[in-house]
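Chains, contacts and geometry: an overview
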Amino acid sequence: MLRTSYQFGLDRWGLALFLAVMLPNFLWFAVPAPCDILRAESLTPVLDAVASVLQVLLAAALCLLRRREAAAVRRAPWNAAAALCVLAYYAGWAAYYDGNAGALVLALLTVPPCLSFLFYTAGHRNLAALVPAAAFTVCHLLHSILNYWV
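A brief report on the enclosed structure follows. Please read these numbers as outputs of a predicted model, since none were measured by experiment.

What counts and what doesn't
- Residues numbered from 1 in each chain as written.
- Predicted model: local features only at pLDDT ≥ 70, side-chain atom pairs only at ≥ 80, totals over all residues.
- Heavy atoms only, no water.
- Core = buried A, V, L, I, M, F, W, Y, C linked by side-chain atoms within 4.5 Å.
- Buried < 20%, exposed > 50% of the residue type's maximum accessible area, 1.4 Å probe, protein only.
- Helix = DSSP H or I, 4+ residues; strand = E, 2+ residues; numbered from the N terminus.
- Contact = heavy atoms within 4.5 Å.
- Salt bridge = Lys/Arg side-chain N within 4 Å of Asp/Glu carboxyl O.
- Phe/Tyr/Trp six-rings, centres within 6.5 Å; stacked < 30°, edge-to-face > 60°.
- Lys NZ or Arg CZ within 6 Å of the ring centre and 35° of its normal.
- 1 Å grid on protein atoms, 1.4 Å probe; cavity = no way out; pocket = protein on both sides within 12 Å on 5 of 7 lines; lining within 4 Å.
- Points joined across faces, edges and corners; volume = space filled by probe spheres on them.
- Nonpolar A, V, L, I, M, F, W, Y, C, P; charged D, E, K, R; others polar.

On to the nonpolar core. Ranked by internal contacts, the top residues of the largest apolar core, which has 26 residues, are Phe18, Leu62, Tyr96, Leu109 and Phe117. Contributing elements (two or more residues each) for this core: α1 (12–30), α2 (45–64), α3 (76–97), α4 (103–123) and α5 (127–149). Among the elements that line this core, the one with the most residues is α4, at six residues. In this structure Phe18 touches Gln55, Ala59, Leu62, Cys63 and Phe117, once residues within four positions along its chain are discounted. Counting six residues, the second-largest nonpolar core is a separate cluster that includes Leu47, Ala51, Cys114 and Phe136.

Put into structure tokens, the structure is as follows:
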């Protein structure tokens, strides 16, 4: 019988990371920011649809798949890097809600959340989540560049 290196099961820290990244988005859906350029119609609807599918795959793999050997991996540096990225992301949202929608703030809303997923999945050696995280990162960067910086 073929034995896979993954098992189904809730990764509580993966779920916590995903919810931590999504929390400001839930706030943004409910409470518009003062200079809310993120609500403008997207110039890249097909790319956005692909990114949405990748985000679902990422969330599922991040939260529901674990490597069997991952328990033995020392994850502290990877987890710390992911946590720092979430803090940078929150700083970006704070600046955005303070009325700043400049390039640096938009970069903080784009890059750190993706890096948090990449750091976490790399540290946990979860290739099943790392692949959609990397693909989502590319889509998210392209979306931001094409919609806000070009």
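We are not done yet, so read on.
Topologically, Asn126 is positioned in the loop between α4 and α5. Residue classification places Asn126 among the buried positions, given a relative accessible area of 4%. When residues no more than four places from it in sequence are discounted, the contact partners of Asn126 are Tyr6, Ala61, Leu62, Leu65, Arg67 and Thr121.

What follows concerns the pattern of salt bridges. Under the defined criterion, the tally for this structure stands at one salt bridge. With a shortest N-O distance of 2.6 Å, Arg39 and Asp36 are connected by a salt bridge. Overall, Arg39 belongs to the partly exposed group, its relative accessible area being 38%.

For the structure shown, the criterion picks out eight aromatic pairs. An angle of 80° between the planes, with centres 6.2 Å apart, marks the rings of Tyr89 and Trp93 as edge-to-face. Separated by four residues within a single helix, Tyr89 and Trp93 lie in helix α3, roughly one turn from each other. Look at Trp93 and you get buried, because its relative accessible area is 8%. Taking NZ or CZ as reference, Arg39 lies 4.3 Å from the ring centre of Trp28, over its face.

Attention shifts here to the layout of surface pockets. Computed from the structure, the largest pocket encloses a volume of approximately 710 Å³. Around the largest pocket, the lining is made up of 28 residues, and of these Asn25, Trp28, Phe136, His140 and His143 lie nearest the centre. Secondary-structure elements contributing two or more residues to the lining of the largest pocket are α1, α2, α3, α4 and α5. Here the element with the most residues in the lining of the largest pocket is α5; it accounts for seven residues. Classifying every residue of the lining of the largest pocket by side-chain character gives 18 nonpolar, nine polar and one charged.

Let's shift gears to unusual backbone geometry. Positioned with a positive phi, Arg125 is a non-glycine residue whose angle comes to about 50°. Topologically, Arg125 is positioned in the loop between α4 and α5.

It is worth stressing that arrangement in space is one thing and function is another; only the former is reported here.
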